[in-house]
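Chain by chain, the residues:
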Amino acid sequence: MRPNLGAVRLAASAAWTLSGNDIGTMITAAPRLYPHMWSWDTAFISIGLAHLNVARAARELETLLGAQWRNGMIPHIVFSEGTGYFPGPERWGAAELNTDAPNAPRTSGICQPPVHAIALRRIVDIARSQGQRDVAFKLLKTAWPKLYRWHEWLVRHRDPLGTGMLAIVHGWESGMDNSPRWDLPYAEVVPGPDLPPYVRLDRGLVAADAERPSDAEYDRYLWLIEEMRKVRYDADAVVRTSSFLVGDVFVTALFALASEVLATLGEESEQPPWRIRQLRGWARRSRAAVAAAYDPRTGLARDRDLRGDRWLSTSTIAGFAPLLCGGLPVDAEKSMLATLTGPEWAGHPALFARIPPSVSPNDVGFRPKEYWRGPMWPVIAWLFGWAFAQRGWQEESDHLRSECLRLAADGSFAEYYHPVTGEPLGSRQQSWTATVVLDWLH
Ligand code: 9YW
């Protein structure tokens, strides 16, 4: 029988999970599989921490921001001293090759989705609700300029067409590593004979190999790092030379949403008005780019392969990106919301919980155990739930919350779940799963 913890025990185990993953200098993404700090995980982790200890949450976010590159990029991994994850700092060689990268802590050379302003918003609100206005204000004052520089870096270096559609140079940057969204562009990434040999460390560690990306996928992930090393992680040279360059509609929607959030936080902390205006302008442009990616034939938004100069119409959860940031005509938006909650997606009769899986169970490419090719990821449900509440869709937001809490009631805090059976998959005690549960329980 599947365990079913009550709210109090579930909250206590979530807190226990976070403290178990606290190695003193940081909270790692997961105990064995991911013994370091991941950029977007940390944004979510700090939200959960805020419910337990606001000062600790502020410190966690500040640790990540302390590893920001001099050019403004927030790196996708901040390495701890821990071992057991590949590729580690030596394989990336970021600090050796680029003077913008910090020497300590060591970091990777790419980035992840810009959800940090959303975390700052949550922490500030939680702090205020607990009467800790001073902690909130201090965090806002230190974090805001850094997040502004991060958004500025994205606009300066990742908008190659100048349309507001932000580009990624590696599937890892999307946070949805092996999503079928990237199958076509990855097919054009051909690892060269000079790909240095490597040994994967994730095999057989916490999950069956079939729940992780394949070796052929890993060869391509590693090859892209080689390409970036050749241009010493120079931001513009990477965009010019990477054999993978895709306008990511989900990242773009998160950027639009987060830029609006950051602008409002800027008003609350008396930041320069021109910067606030600029953030709203970036949000507007990226919202328009997301709307322009909408395909009326499928009712979903598309990514844009910038190397192949083609739309990528693969149907995945990312196609609902416009619901995060708005910008679609009312009718299109209504029907997209109905699709998300309807029988193709969250309302599919076979599902364990009524939350959207990463790929529709009706899709030929649906693989219910395989990472971003079918499983449910609580953190993605949280993002939609949070955005829906902002957009005034309270009922839909509450529904995602209660269904996701039902999914997570087994207390495993799995990295992802089988959409049909609710079986926990991937890592257990994954920090960001614990954190979204904590936020939902408060
Ligand atoms: C990897 C840490 C990270 C997440 C990503 C997820 C996975 C790591 O784990 O990638 O080595 O493949 O895809 O979104 O940040 O939880």
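On a predicted model such as this, the values are computed, not experimentally measured, just so you know.

(A) Structural detail: the environment of Leu-52. Mapped onto the fold, Leu-52 is located in helix H2 (residues 39-52). Sequence separation of Leu-52 and Leu-438 is 386 residues, and the distance between their C-alpha atoms is 9.1 Å. Once you skip the residues sitting within four places of it in the chain, Leu-52 turns out to touch Ala-15, Leu-18 and Leu-438.

(B) How the structure looks around the nonpolar core. In this structure, Phe-250, Ile-380 and Phe-384 are the most contacted members of the largest nonpolar core, which totals 156 residues. The element that contributes the greatest number of residues to this core is helix H12 (residues 249-268), accounting for 13 residues.

(C) Inspection of the sheet that holds strand E4 (residues 246-247) at higher detail. Pairing within the open sheet is antiparallel, and its four strands lie in the order E3-E4-E7-E8. Looking at strand neighbours, the two that pair on one side only are strand E3 (167-168) and strand E8 (310-312), the edges of this open sheet. Across three bridges, the pairing between strand E7 (residues 303-305) and E8 is antiparallel. Looking at the pairing, Asp-305 lines up with Arg-310 of E8.

(D) Main features of empty space enclosed by the protein. The full count for this structure, using the stated rule, is six cavities of 30 Å³ or more. Space inside the largest cavity adds up to approximately 200 Å³. When its residues are assigned to classes, the lining of the largest cavity shows 11 nonpolar, four polar and four charged. Reported here for the second largest cavity is a volume of approximately 80 Å³. Contributing to the lining of the second largest cavity are Trp-69, Asn-71, Met-73, Gly-109, Ile-110, Trp-153, Arg-158, Val-169, Met-228, Tyr-233, Ala-235 and Val-238. Its residues assigned to classes, the lining of the second largest cavity comprises nine nonpolar, two polar and one charged.

(E) Molecular detail of helix H18 (residues 431-441). Of all 11 residues in H18, 10 are buried; the element is thus mostly enclosed. Among the residues making up H18, those that are buried are Ser-431, Trp-432, Thr-433, Ala-434, Thr-435, Val-436, Val-437, Leu-438, Asp-439 and Trp-440.

(F) Inspection of the packing of aromatic side chains at higher detail. Going through the model one piece at a time under the given rule, you end up with 31 aromatic pairs. Between Tyr-34 and Trp-38, the aromatic rings sit 5.0 Å apart at their centres with planes inclined by 65 degrees, giving edge-to-face as the arrangement. For Tyr-34, a relative accessible area of 7% puts it in the buried group. Given the relative accessible area of 7%, Trp-38 is considered buried. Summarising the aromatic geometry, the rings of Trp-92 and Tyr-233 are spaced 6.4 Å apart at their centres and angled 40 degrees between planes, so their arrangement reads as tilted. Pair noted here: Trp-92 is in helix H4 (residues 89-92) and Tyr-233 is in the loop between helix H10 (215-230) and helix H11 (235-241), with a separation of 141 residues, a long-range link. Grouping residues by exposure puts Trp-92 and Tyr-233 together as buried.

(G) Inspection of the layout of surface pockets at higher detail. Of the voids in this model, the largest pocket is the one considered here, and its volume is about 360 Å³. Lining the largest pocket are 20 residues, and of these Phe-79, Ser-80, Glu-81, Gly-82 and Pro-89 lie nearest its centre. Among the elements that make up the lining of the largest pocket, the one with the highest residue count is H4 (three residues). Split by residue class, the lining of the largest pocket holds eight nonpolar, eight polar and four charged. In this structure, the second largest pocket occupies an estimated 220 Å³ of space. If you trace the second largest pocket, you find it lined by Arg-122, Trp-382, Gly-385, Trp-386, Ala-389, Gln-394, Ser-397, Asp-398, Arg-401, Asp-439, Trp-440 and His-442. Secondary structure elements with two or more residues in the lining of the second largest pocket: helix H16 (378-390), helix H17 (394-408) and H18. A breakdown of the residues in the lining of the second largest pocket according to their chemical character gives four nonpolar, four polar and four charged.

(H) Region of the structure containing the site of the ligand. Around the ligand, 15 residues are found, and the nearest of them are Asp-41, Tyr-85, Gly-175, Asp-177 and Gln-430. A distance of 2.7 Å separates an oxygen atom of the ligand from a polar atom in the side chain of Tyr-85. Within the side chain of Trp-372, a nitrogen or oxygen atom sits 3.0 Å from an oxygen atom of the ligand. Taken by itself the ligand offers 380 Å² of open surface, and the protein chains cover 98% of this. Taken together, the residues of the shell around the ligand break down into nine nonpolar, three polar and three charged.

(I) Spatial organisation of H12. Here H12 is 20 residues long and its end C-alpha atoms lie 29 Å apart, about the 28 Å a rise of 1.5 Å per residue gives. The positive-phi residue at the C-terminal boundary of H12 is Glu-270, with phi of around 50 degrees.

(J) Spatial organisation of the state of the cysteines. Applying the stated criterion across every chain yields a total of zero disulfides. The thiol sulfur of Cys-111 is not disulfide-bonded, and the nearest other cysteine sulfur, from Cys-325, lies at 18 Å.

Analysis parameters
Residues numbered from 1 in each chain as written. Predicted model: local features only at pLDDT ≥ 70, side-chain atom pairs only at ≥ 80, totals over all residues. Heavy atoms only, no water. Helix = DSSP H or I, 4+ residues; strand = E, 2+ residues; numbered from the N terminus. Contact = heavy atoms within 4.5 Å. Core = buried A, V, L, I, M, F, W, Y, C linked by side-chain atoms within 4.5 Å. Buried < 20%, exposed > 50% of the residue type's maximum accessible area, 1.4 Å probe, protein only. Pairing = 2+ DSSP bridges. 1 Å grid on protein atoms, 1.4 Å probe; cavity = no way out; pocket = protein on both sides within 12 Å on 5 of 7 lines; lining within 4 Å. Points joined across faces, edges and corners; volume = space filled by probe spheres on them. Nonpolar A, V, L, I, M, F, W, Y, C, P; charged D, E, K, R; others polar. Phe/Tyr/Trp six-rings, centres within 6.5 Å; stacked < 30°, edge-to-face > 60°. Near = heavy atom within 4 Å. Polar contact = N/O pair within 3.5 Å; in protein donor to acceptor, adjacent residues only side chain to side chain. Areas by Shrake-Rupley, 256 points an atom, 1.4 Å probe, with all protein chains shown as cover. Expected span 1.5 Å × (residues − 1). Disulfide = S-S within 2.5 Å.

Without other data, these values stay purely geometric and don't point to any function.
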